[in-house]
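The primary structure of each chain is shown beneath.
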Amino acid sequence: MDDLCCGQGLLVVTGATGWFGRTALHELQRLLGPETFSRRVRAFANRSSTIASTGFVDGVVRAIPIAPLAELPEIASLEPIEALLHTAFLTREHVERVGVEAYINVNRGITGLVCRSLESSLSARAVVISSGAAAALDAVACLEEYLHSDPYGVLKSEEERRLSAIADTLVLRAYAVSGRFMRDPEQFALGDFLLRALEGLPIVIKAPMPVIRGYGHAGNMVNLAFRWLWSDRLPPTHPIAAVSHEVELLELASLISSLYDLPPTATDIDPSLSPNRYSADPSTYLNMLHLLGIVPRSVEEQIFDTVCGLQVSQVS
């Protein structure tokens, strides 16, 4: 990681105001310190803004400028990108809000801006935070046929392929995610469970069948990204499913209830029903974490780190 501090090229984070982007900036603040961070890191989102720093070890809060993603190609043409962590994307829940055609156009526009930026920095390495939703399309040759039935999965798969064709690219596919900086926590099982725990309320599971999710910690993922970016390792030939722990949600609810001394979980799960599973084999991801010297957070550690972010957001 010494090259992280000593290099000269830009370190670019897209989607800087989102869950993974905020996590990445937090870790870079911790690793680099304010002077190197200011000199080398460039953060991009959909519009110009500033966010407060969260990770500088001196504890001083500084304003972190966020530039519009539309400016990235011009900046890359003037100053070479050394490494890029790409996390910008409209997620699945936006399809209904903006409509399918607008959703497709916006996300393809985001991918296009990143691709043009990498094309002017041919020695750059990239990491893209993708989604497990792309896995179902791995064997599909013509993605366009599925575009309107599964725009999120298709566009994620399309983006993986486009970036990998331009630069050495590590693709990390997130399934269920834990960690601070969670946005809209009520939309996620873990976030909803923890919001109820903070209020001392029993957790409620409405699904009639067992629900299995593959969790990965956002901090583990971005640290893996940085260690790979400043290594001499070639990108894996296949996307990596960023799952460290496979958890049945009733077990997760029971653990949280125990940690926070809550009443029993309210549920009518029928164990005879086929489970709803969104996960993947964790072995490749765990092996890569080990090779790059990263210890995966335990489920308990993931819970407490996520709560840390929720408590901060409630106070603010």
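The preceding data block contains the structure.
Conventions we followed
- Residues numbered from 1 in each chain as written.
- Predicted model: local features only at pLDDT ≥ 70, side-chain atom pairs only at ≥ 80, totals over all residues.
- Heavy atoms only, no water.
- Pairing = 2+ DSSP bridges.
- Helix = DSSP H or I, 4+ residues; strand = E, 2+ residues; numbered from the N terminus.
- Contact = heavy atoms within 4.5 Å.
- Axes fitted to C-alpha atoms, helices over the stretch in contact; angles between N-to-C directions.
- Core = buried A, V, L, I, M, F, W, Y, C linked by side-chain atoms within 4.5 Å.
- Buried < 20%, exposed > 50% of the residue type's maximum accessible area, 1.4 Å probe, protein only.
- Salt bridge = Lys/Arg side-chain N within 4 Å of Asp/Glu carboxyl O.

J.: Help me understand the sheet that holds strand β1 (residues 10-14) in this model?
T.: One open sheet accounts for eight strands, arranged β3-β4-β2-β1-β5-β6-β7-β11; its pairing is mixed. Strands at the two margins of the open sheet, each flanked by one partner only, are β3 (49-52) and β11 (240-241). Where strand β2 (residues 41-45) meets strand β4 (residues 63-68), three bridges bridge the pair, whose relative direction is parallel. Following the sheet pairing, Ala 45 is matched in β4 by Pro 68. Each of β1, β2, β3, β4, β5 (81-86), β6 (125-131) and β7 (168-174) touches helix α2 (residues 19-32); the most contacted strand, β1, lies at about 150° to it.

J.: I keep staring at the nonpolar core and nothing clicks. Help me out?
T.: The nonpolar side chains of a soluble globular protein tend to be buried, and buried together. Residues Leu 25, Leu 252 and Ile 256 are the most contacted members of the largest nonpolar core, which totals 64 residues. Here this core gets eight residues from one element, more than from any other, and that element is helix α9 (residues 218-229). Setting aside residues up to four positions removed in sequence, Leu 252 forms contacts with Leu 190, Phe 193, Tyr 215, Val 247, Val 299 and Ile 303. Counting 21 residues, the second-largest nonpolar core is a separate cluster that includes Ala 88, Val 114, Ala 124 and Val 128.

J.: What am I meant to see in the pattern of salt bridges here?
T.: Where charged atoms from two side chains of opposite charge come close, those side chains can pair. All told, the structure shown has eleven salt bridges when counted by the stated rule. Asp 305 is the partner of Arg 180 in a salt bridge, and the nearest nitrogen-oxygen pair spans 2.7 Å. Taken together, the positions of Arg 180 in the loop between β8 (176-178) and α8 (189-198) and Asp 305 in helix α12 (residues 299-315) put the pair 125 residues apart, joining distant regions of the chain. The exposure class assigned to Arg 180 is partly exposed, which follows from its relative accessible area of 25%. A relative accessible area of 8% places Asp 305 in the buried class. Linking Arg 277 and Glu 246 is a salt bridge whose minimum nitrogen-to-oxygen distance equals 2.6 Å. In this pair, Arg 277 is assigned in strand β14 (residues 276-278) and Glu 246 in strand β12 (residues 245-248), connecting sequence segments 31 residues apart. Relative accessible area serves as the criterion here: at 48%, Arg 277 is assigned to the partly exposed category.

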